[in-house]
Amino acid sequence: MSRPPSAAAPETAGRGAFLGWALLSIVGQGAALALVTAGKGVGYQHYLPVVQLPTRPLALAIVAVQALLTLFGLRTAIGELLARLGRLLPGWRLPLLVLATVACSAVVGRDLVRLAGEMAFSSFVQLVNLGTVVLAARAMPPVAIDGWRDRVVRLLGPDLPPDENAPPRLDRFTVLAAVAATAISALLALVVYGRHPHLQDEVVYLIQARTFAAGKLALANPPVAKAFEFFLLDMSPKGWYSPVPPGWALGLVPGVWLGAVWLVNPVLTGLNVALTSLVLRPIYGVRVARLATLLLVLSPWSAFLGMSFMPHAITLLCGLLAALGVMAARRTGQARWTWLGGLALGLVASVRQLDAMILALALGLWSIGLGGRRLRIPAIAGLVLGSIVAAVPLLFYNAHFTGKGSYFPMMAYNDALFGKGANDYGFGPTRGMGWALDPNPGHGPLDAIINTTLNLAATQVELFGWSIGSLLLVFAFILRGRLIRSDRAMLGAVFLTWFAYFFNYFAGGPDFGARYWFLMIVPLCALTARAALTLAKLDTAVADNASSHAVERRDARVLAGVALVTLGAWATFVPWRSVDKYWHYRGMRADVASLARERGFARALVLVRGREIPDFGSAIAYNPLDLSEPVPVYARRTTAATDSAVIAAFPDRTVWFVDGPSVTKASYRVTAGPLSPAEALRQVGQNPPAP
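The structure displayed is predicted, hence computed values, not measured ones.

### Thoughts on the overall build of the protein
Moving on, step 1. Helix and strand counts for the protein come out as 28 helices and eight strands.
Moving on, step 2. Against the compact-globule benchmark of 26 Å for 691 residues, the protein has a radius of gyration of 27 Å, which places it among compact chains.
Moving on, step 3. Seen through its principal axes, the protein has C-alpha atoms that stretch 90 × 65 × 55 Å.
Moving on, step 4. For the protein, buried positions account for 55% of its 691 residues.
Moving on, step 5. Counting only carbon and sulfur atoms, one obtains 68% of the accessible surface of the protein, whose full area is about 28400 Å².
Moving on, step 6. Taken together, the 59 basic and 37 acidic charged side chains of the protein have centroids lying 5 Å from each other.

Okay, here's the thing in structure tokens:
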């Protein structure tokens, strides 16, 4: 039987109001992003100074209209909402939530007046967006919210208690989530990143991976060192090699063999999603695990790192595998699982040593009974010994290049380049490499606090890309209290990651969010899922006349709000970040390879004029391992003498002169060629190296 018109009209009106507020939320976030300066250079994002906001009148007008409409919409509900907040976060808790949110609303800087203005404006924008989302959720009519809740229940599964004795199982949801995460990162890698490295680290990882794939530890030193110098590539008596730890390059080797090295990280991102589901389900239950898994799939932080050539996905993968080993040993009583987990843990030491220390400490504490049942002594021993076995080859690798197993090539390289102790761990006056992103010379508690605020601000933005702030639910959930054992374990993992990097002189920079904190992402997704599924229940539970149906509806409205801010992030933040920052990030671009095909460089010497990054960095990635191969060899122009020497070193090659992007302000451009070596030597005087 059809519904009478008198009943349909309110429902239709409610749907219209919901769609209106939802659209305003998404448009408002897009307008706010138009007031942000981020760009493709090395730097953190900031809102425009308050006095400059009127220079973007349309975006500012949209934000102002959103604020006025939201304030008008909340006029009759503000008392109820404040009372509900008071019940959720009584006493000191609500002011502390406000303080925490404001503190990470903007990136700290030396101009304290501008910082205060930016914090005020950013907090205002987040508050307005929160109000808009609340209005959208409240506008959903009962029939719509009941239908939404039914769909959520089907997606997230039953609300059953966790069972730590249940073996891990790859269900259809987990497989589809993993495939979706891989597809998202692969699409970004293809369309946004162009399958091309954009950071110096990425360039050398790829060169190192190609070296290992060829069965070598190092290459022959180039004939003219100055023409091939590149940061994180060392020319030593052992040959031309990268001093970065070898683990990640080894992980890229299968991609090199298959000719699809750009797909390695997207695949690892998908595997991390699957492993996250397997780890969280026994300790949280199906519903929390699935929601946390969805949040990880839709995390811009994870997706953008997944499109890159950076090593963070593989450290997370090994950490999750080690956690599964501990869980399997706890469930079965068999020590072989911790041996396997220990092997995975030990591999992290060959990728990122500080991450290995964090994971070892976290899993060690978990194994002896903090946050879970204590393992038997043989199982604990297996975790320790397995990690040692996996880490031993790294000692031989170190000894090959530095003569000492405990002395990493990276430490030797930085000691020689920046001074003894520049890259050492801990506080001290010698720490640091003089980079502009390093707050002060050396490293002390103040620098560590500044680094913490930088990474907090980055996480607030990049974790989910939410207009209300990605950490809002986690802050509220923690301040509310009533944490279960699994929550405390997740918080412990977050704390250990923060504490370990507190003593590291560098925060990690603005590349891919707070990337040094990436091990936090699974705990933060789990805590956010717990917050979304429990805060509404906690609020309603204190009301005297609350019914179970009211609890279910409020729970569904909270999840509708989470879905809306996530939709807003993917409709505005992800496209904006892709185009504004990562497309040709730092000026790096694959155009030189296209130019080589178009102009037929073939067996040529290509002299690139411009900076190390981006001009030479984008070109050196295409150099052959053996510089005698019949393919283009790219060298950097530094001085006339160096140009002449490198031309003389390759007497049987035609020569091309090319200007890089920092010179042309666009793509690579041929300025001369093809030339014989004699013609090229004459051209050196007419075409100076300096841009």
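Moving on from the model shown.
### What to know about the packing of aromatic side chains
Moving on, step 1. Using the criterion set out here, one finds 30 aromatic pairs in the structure.
Moving on, step 2. Ring geometry for Trp-498 against Phe-502: centres 5.2 Å apart, planes inclined by 55 degrees, an arrangement best described as tilted. Remark: Phe-502 and Trp-498 occur in helix 21 (residues 485-502); sequence separation between them is four residues, near one turn of the helix.
Moving on, step 3. Residue Phe-502 is classed as buried on the basis of its relative accessible area of 15%.
Moving on, step 4. Three or more aromatic residues joined by ring pairs form one cluster here, namely Tyr-425, Phe-427, Phe-495, Trp-498, Phe-499, Phe-502 and Phe-503.
Moving on, step 5. Positioned above the aromatic ring of Phe-72 is the side chain of Arg-75, whose terminal nitrogen or guanidinium carbon lies 3.9 Å from the ring centre.

### Some details on helix 5 (residues 112-139)
Moving on, step 1. For helix 5, with 28 residues, the first-to-last C-alpha span of 40 Å sits near the 40 Å given by 1.5 Å per residue.
Moving on, step 2. Structurally, the start of helix 5 carries an N-cap: the backbone nitrogen of Val-113 is 3.3 Å from a side-chain oxygen of Asp-111.

### Digging into the pattern of salt bridges
Moving on, step 1. All chains considered together, the criterion is met by 16 salt bridges.
Moving on, step 2. The partner of Glu-462 in a salt bridge is Arg-577, and the shortest N-O contact between them spans 2.7 Å. With Glu-462 in helix 19 (residues 445-462) and Arg-577 in helix 23 (residues 548-582), this pair connects stretches of sequence that are 115 residues apart. Take Glu-462 and Arg-577: they sit in the same class, and that class is buried.
Moving on, step 3. With a closest N to O distance of 2.6 Å, Asp-487 and Arg-530 form a salt bridge. Placement of the pair is Asp-487 in helix 21 and Arg-530 in helix 22 (residues 521-541), with a sequence separation of 43 residues.
Moving on, step 4. Connected through salt bridges with shared partners, the residues Glu-80, Arg-84 and Arg-138 form a single ionic network.

### Notes on the sheet that holds strand 5 (residues 604-609)
To summarise the sheet geometry, strands pair through backbone hydrogen bonds and adopt either a parallel or an antiparallel arrangement.
Moving on, step 1. Read across the open sheet, the four strands follow the order 6-5-7-8; overall the sheet is mixed. The outermost strands of the open sheet, each flanked by one partner alone, are strand 6 (633-636) and strand 8 (669-675). Within the sheet, the average angular offset between the axes of one strand and its neighbour, ignoring direction, is 20 degrees.
Moving on, step 2. Relative to strand 8, strand 7 (residues 654-659) runs antiparallel, the two sharing four bridges. By the bridge assignment, Val-658 is partnered in strand 8 with Val-670.
Moving on, step 3. Lying over the sheet, helix 26 (residues 640-649) contacts strand 5, strand 6 and strand 7, oriented at roughly 165 degrees with respect to strand 5.
Moving on, step 4. Sheet strands in contact with helix 28 (residues 677-686) are strand 7 and strand 8, and its direction is about 140 degrees off that of strand 8.

### A few points about the side chain of Thr-566
Moving on, step 1. Here Thr-566 shows up in helix 23.
Moving on, step 2. According to the relative accessible area criterion, Thr-566 is buried, its value standing at 12%.
Moving on, step 3. For Thr-566, the contacting residues outside a window of four places in its chain are Leu-298 and Trp-466.

### Points about the pairing of strand 6
Moving on, step 1. Relative to strand 6, strand 5 is paired through four bridges, and the arrangement is parallel. Paired with Leu-605 across the two strands is Val-633, which belongs to strand 6.
Moving on, step 2. Since strand 5 and strand 6 lie parallel, the crossover through helix 25 (residues 612-620) that links them has a hand, and here it is right-handed.

### Side note on the environment of Val-348
Moving on, step 1. The residue Val-348 is located in helix 15 (residues 336-348) in this model.
Moving on, step 2. In the structure, Val-348 is positioned 31 residues away from Leu-317 in sequence and 9.3 Å away in space, judged by C-alpha atoms.
Moving on, step 3. Residues contacting Val-348, with those up to four places away along its chain left out, are Thr-315, Cys-318, Gln-353, Asp-355, Ala-356 and Leu-359.

### Quick word on unusual backbone geometry
Moving on, step 1. Cis peptide bonds are those with omega within 30 degrees of zero, and the linkage from Ile-613 to Pro-614 qualifies with 15 degrees.
Moving on, step 2. Mapping Pro-614 onto the fold places it in helix 25.
Moving on, step 3. At the junction of Gly-673 and Pro-674, the peptide bond is cis and its omega measures out at 0 degrees in the coordinates.
Moving on, step 4. By secondary structure assignment, the location of Pro-674 is in strand 8.
Moving on, step 5. Unusually for a residue other than glycine, Ala-602 sits at a positive phi of about 45 degrees.
Moving on, step 6. The residue Ala-602 is located in the loop between helix 24 (591-599) and strand 5 in this model.

### Points about the packing of helix 7 (residues 172-191) against helix 11 (residues 264-284)
Moving on, step 1. One way to put it is that helix 7 packs onto helix 11 with a least axis distance of 7 Å and a crossing angle of 155 degrees. Comparing their axes, helix 11 and helix 7 come out roughly antiparallel. With respect to the hand of their crossing, helix 7 and helix 11 are arranged in right-handed fashion. Together, Thr-174, Ala-177, Ala-178, Ala-181, Thr-182, Ser-185 and Ala-186 of helix 7 and Pro-266, Val-267, Thr-269, Gly-270, Val-273, Ala-274 and Ser-277 of helix 11 make up the contact between the two elements.

### Description of the packing of helix 14 (residues 312-332) against helix 16 (residues 353-367)
Moving on, step 1. Look at helix 14 against helix 16: their axes get within 11 Å of each other, and the N-to-C directions meet at 15 degrees. Classed by the angle they form, the pair helix 14 and helix 16 counts as roughly parallel. Crossing hand, helix 14 versus helix 16: right-handed. Across the interface between the two elements, Thr-315, Gly-319, Ala-322, Ala-323, Val-326, Met-327 and Arg-330 from helix 14 touch Asp-355, Leu-359, Leu-363, Trp-366 and Ser-367 from helix 16.
Moving on, step 2. By residue class, the composition of the contact of helix 14 with helix 16 is seven nonpolar, three polar and two charged.

### Brief notes about the pairing of strand 5
Moving on, step 1. Buried residues dominate strand 5, accounting for six of its six residues.
Moving on, step 2. Judged by which residues are buried, strand 5 turns out to be covered on both faces: Ala-604, Val-606 and Val-608 on one side and Leu-605, Leu-607 and Arg-609 on the other are all buried.
Moving on, step 3. Pairing of strand 5 with strand 7 involves six bridges; the strand directions are parallel. Note that in strand 7 the partner of Val-606 across the bridge is Trp-656.

Conventions adopted
- Residues numbered from 1 in each chain as written.
- Predicted model: local features only at pLDDT ≥ 70, side-chain atom pairs only at ≥ 80, totals over all residues.
- Heavy atoms only, no water.
- Helix = DSSP H or I, 4+ residues; strand = E, 2+ residues; numbered from the N terminus.
- Rg over C-alpha atoms; globule rule 2.2 N^0.38 Å.
- Buried < 20%, exposed > 50% of the residue type's maximum accessible area, 1.4 Å probe, protein only.
- Areas by Shrake-Rupley, 256 points an atom, 1.4 Å probe, with all protein chains shown as cover.
- Lys, Arg positive; Asp, Glu negative; His and termini not counted.
- Charge placed at Lys NZ, Arg CZ, Asp CG, Glu CD.
- Phe/Tyr/Trp six-rings, centres within 6.5 Å; stacked < 30°, edge-to-face > 60°.
- Lys NZ or Arg CZ within 6 Å of the ring centre and 35° of its normal.
- Expected span 1.5 Å × (residues − 1).
- Polar contact = N/O pair within 3.5 Å; in protein donor to acceptor, adjacent residues only side chain to side chain.
- Salt bridge = Lys/Arg side-chain N within 4 Å of Asp/Glu carboxyl O.
- Pairing = 2+ DSSP bridges.
- Axes fitted to C-alpha atoms, helices over the stretch in contact; angles between N-to-C directions.
- Contact = heavy atoms within 4.5 Å.
- Right-handed = clockwise from strand over helix to strand, strands pointing away.
- Parallel < 35°, antiparallel > 145°, perpendicular 65-115°, else oblique.
- Left-handed = near helix turned anticlockwise from the far one by under 90°.
- Nonpolar A, V, L, I, M, F, W, Y, C, P; charged D, E, K, R; others polar.

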